[in-house]
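# Analysis of the macromolecular model
Residues per chain, in single letters:
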Amino acid sequence: MRPMRSLLAGVFAIGLLAAPSLSVPVRAEEEIQMPNMGWKFEKLFGTYDLASAQRGFQVYSNVCANCHSMALLHYRDLSGIGLEPEQIKAIAAGVTVPQGTDDQGAPKEGPATPANQFKSPFANEKAARAANNGALPPDLSLIVNAREGGPDYIYGLLTGFVEAPGGFKMQDGMYYNKMYPGHQIAMPQPLQDGSVEYTDGTSTSLDQEVRDVVTFLAWASNPEMVERKQMGVRIVLFFVFMTGITYAVKRRLWSDVH
Amino acid sequence: MADSSAAAATHHAPGHHGAAGDVTKRDLLQLIALAGAAIGGGAIAWPLIDSMNPSKDVLALSSVEVDLTPIIEGQGIVVSWQGKPIFVRHRTADEIKQAQQVKLSELLDPQAGLDKDRVKSGHDQWLVVVGICTHLGCIPLGNKPADPRGEYGGWFCPCHGSLYDTSGRVRHGPAPLNLALPPYAFESDTKIKVG
Amino acid sequence: MAGLHKSEFANPVINWIDTRLPIFTMMQKEYGVFPTPKNFNYLWNFGALAMVILMIMIITGIFLAMNYQPNTELAFNSVQHIMRDVNYGWLIRYTHQNGASMFFIVIYIHIFRGLYYGSYKTPRELLWMLGVVILILMMATAFMGYVLPWGQMSYWGATVITNLFSAFPVVGPKIVTLLWGGFSVDNPTLNRFFALHYLLPFVLVGVIFLHVAALHITGSNNPLGIDVKSPQDTLPFHPYYTVKDSVGICAFLAFFAAIIFFFPNMLGDPNNFIPANPLQTPADIVPEWYFLPYYAILRSVPNKLLGVCMMFGSLIVLFVLPWLDTSRIRSARFRPVYKWLIWVWVLAFVVLGVCGAHKPEGIWVILSRVATLYYFAHFLVILPVLGKLERPLPLPESISQPVLGRRGGGPLLGAAAAKPMEKA
């Protein structure tokens, strides 16, 4: 069957064309071993563990938020990790944000509402650098998408603070991290065992805290993921079904040709 | 395509070699395929159309708080809520009385027509309405002292001459409906929160 | 009444319109009864697929433009606003983002089909050249579209690609300043890229119209590469190929949907989730996968001007391909040597793509140079010579003849399909 062979050849060509782009993410790991955590949300039909994401939000608020902004998120978005409207209102009300100007034109402040963006710890980039030895703590809204290795990398980074090997020259004010490219990071180890207190009795080991915060950050980067996958199943099945139907119509129509 | 007799003769010509049963079976398959295409087309169109509806940030637009202390009796102010003008009017005792005496039968739009349904009880002096004429969306005049207020003492729409009374009810067309009431609540005696 | 068209449609409304503006007659002629070789394989689906994807891209693009802000301060966040807040914004945006990759997959296969079956040879040279124009317009559109989200890769991709023009002596730097509307990639650049990204697809539609018009003058090529000789060789386009194209379109949409819904960022770069920063270049700058082969050609030459010329040359050479290939046989099926060499060329193209994804050091430099050499030698040396030396296999009498020989009788075709083709 010549046409069949040509078709297969074409498919092969797509595969080869796609191959280089698939290999791109792998390049950065010349020496660094990326952990493979098998996240539930990375599975084909996987969803977020909402309890874990809620604990992760607590880790973010208590620890990360002291330096890292998440400016693309709004308090209202927290309904996505299963918080109730009342809880969200309470969380927002606990934060003081600028609220335009009063009737005399002076800047005004007040409690945030669910419609507000997450409040950033620093007013602007210069203030952030000044408070952090010249290093800029990156915004975490998209951090899981913005790093090679995604959640595995973030997990590796947060658990990767170890003693520098003998002979490794450290600059002042830098910390050794086995995951970070170049191994010198300006962020001191942010999480230890027991950095937060969970109300649901979950263990507060470093591993658990990091899993939770990574789950939260993964949700923050791709809040549409669960809806996307659910819709995807139906749409892909629909097109597969339509392929079958049109193929049957085609077979029948062409049965007299040849 | 099937509109053309010439085409109809052509399209199915080779298929006519088959038995009659084949033809009906093919028609059923074609029907399923066409129905599927129609469903698919509709399902694809909906997300595109829905993307033009208000987005989540627009829907979540925060409420607005209004301080009532600077509003002099007999005057009104305009504040913006969800992009719409909100009239907040400090009514005089005369205006309140005038508004309360109107009977439902006198109104063009008796829906929520009694004055007590249009203000918060205990705060009769404060009238809060959406300042958009129910005719074609112009903003009526009547908040500033120099504005014309029309013969019912409320608001006058400059576009087509609709008249509203001191309770924001339409008294003279072409507007068909009373000025709408926004959701609001008194936070204190001198502060309301719209939305 | 002399100017009125004599319409044959029975429906009175259609007849009324058709008499005054014979678009229905035209559609009937070009897509209804249009005589089409009956031996197409599924590789002939890819033209229709490309049309479908272009429509998807234009429609999703219009809806994205309703929420996108072409301003350096706002662009990145406006895309995230689309992803997070606009109803189904993520679906529209992921469809558009991955649609670009789908478009190139489809077009590359479409081009491969043209190369394999010799669709560029007389009388279809102009058809082929219009196709090359379409490819170049697509690349320009895709490049400018990639800049719009204003991530790190958008910014640095724009910087690197626009700087290519600085290679030209004397006028180069002036051209770059003109492209930028300033002294670096900045707000004016983003704003004009948005304007052009919106415009070019409609230019594309115009060129595609000419491409299809030219196709309908010459008629389609086919897997045997021989001319249509009699009505027995053809089928009316509708319903035979409308249905066959539908099969391919549904199958492709299933594949496309799987990417959109389950692997939407597979073909993207993590760096583009970081807002553009003119003061910091990411560690690896890589263009989108569909540009990697050309990027590898650019880097394979150690001289800046020569590299840029080679890169543009790799596309320009396609324009003259109909005259470089001296063989009169179209289909690779009957060219025992070319049949293998075209795969070597595909291999070279793929190797270039892989090289483009790696840093230009060590083995990758050598590989990309060898592959670049073959890419050009294939067109400029091998094809002109091969046409003189190669001994083609005997061609079949006609499209239906080998089938007749096997089955011992063909079906009778309807009256409309029996109209002889005037050309080709």
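Only a predicted model underlies this, so the values are computations on that prediction, with no experimental measurement involved. (Residues numbered from 1 in each chain as written. Chains lettered and ligands numbered in written order. Predicted model: local features only at pLDDT ≥ 70, side-chain atom pairs only at ≥ 80, totals over all residues. Heavy atoms only, no water.)

## Focus: the overall build of chain A
- Check the secondary structure of chain A and you find seven helices and four strands.
- Taken from the N to the C terminus, the helices and strands of chain A come in the order α-α-α-β-β-α-α-β-β-α-α.
- Taken across its 258 residues, chain A has 41% of its residues classed as buried. (Helix = DSSP H or I, 4+ residues; strand = E, 2+ residues; numbered from the N terminus. Buried < 20%, exposed > 50% of the residue type's maximum accessible area, 1.4 Å probe, protein only.)

## A short note on the overall build of chain B
- Tallying secondary structure elements over chain B gives four helices and nine strands in all.
- Taken across its 195 residues, chain B has 38% of its residues classed as buried.
- Contacts in chain B between residues far apart in sequence, at least 24 positions, make up 54% of those at least 6 positions apart.
- Carbon together with sulfur atoms contributes 60% to the accessible area of chain B, which is approximately 10200 Å² in total. (Contact = heavy atoms within 4.5 Å. Areas by Shrake-Rupley, 256 points an atom, 1.4 Å probe, with all protein chains shown as cover.)

## Examining the packing of aromatic side chains
- Tallying each qualifying case throughout the model produces 51 aromatic pairs over all chains.
- Both rings, one in C:Trp289 and one in C:Tyr290, keep their centres 5.6 Å apart while their planes meet at 75 degrees; by these two values the pair is edge-to-face.
- The ring of A:Trp254 carries the charged tip of C:Lys244 above its face, separated from the ring centre by 5.2 Å.
- It is C:Arg335 that lies over the ring of C:Tyr338; its NZ or CZ is 4.3 Å from the centre. (Phe/Tyr/Trp six-rings, centres within 6.5 Å; stacked < 30°, edge-to-face > 60°. Lys NZ or Arg CZ within 6 Å of the ring centre and 35° of its normal.)

## Concerning unusual backbone geometry
- In this structure, the amide linkage connecting C:Thr122 to the following residue, C:Pro123, adopts the cis form with an omega of 10 degrees.
- You can see C:Pro123 is positioned in the loop between helix H5 (89-116) and helix H6 (125-147).
- In this chain, C:His238 is followed by C:Pro239 through a cis amide linkage whose omega measures 5 degrees.
- Locating C:Pro239 in the fold gives a position in helix H10 (residues 237-262).
- Positioned with a positive phi, A:Asn133 is a non-glycine residue whose angle comes to about 60 degrees.
- Within the secondary structure layout, A:Asn133 lies in the loop between helix H4 (125-131) and helix H5 (150-158).

## A closer look at the packing of helix H13 (residues 338-356) of chain C against helix H14 (residues 363-389) of chain C
All names here are of chain C.
- Packing of H13 against H14 brings their axes to within 9 Å, and their N-to-C directions diverge by 150 degrees. The angle between H13 and H14 places the two elements in the roughly antiparallel class. When you trace H13 past H14, the crossing you get is left-handed. In this structure, H13 uses Tyr338, Leu341, Ile342, Val344, Trp345, Ala348, Phe349, Val351, Leu352, Val354 and Cys355 to contact H14, whose residues at the interface are Trp364, Leu367, Ser368, Ala371, Thr372, Tyr374, Tyr375, His378, Phe379, Ile382, Leu383 and Leu386.
- Its residues placed into classes, the contact of H13 with H14 shows 20 nonpolar, three polar and no charged. (Axes fitted to C-alpha atoms, helices over the stretch in contact; angles between N-to-C directions. Parallel < 35°, antiparallel > 145°, perpendicular 65-115°, else oblique. Left-handed = near helix turned anticlockwise from the far one by under 90°. Nonpolar A, V, L, I, M, F, W, Y, C, P; charged D, E, K, R; others polar.)

Everything listed here is a matter of geometry and, on its own, says nothing about what the molecule does.
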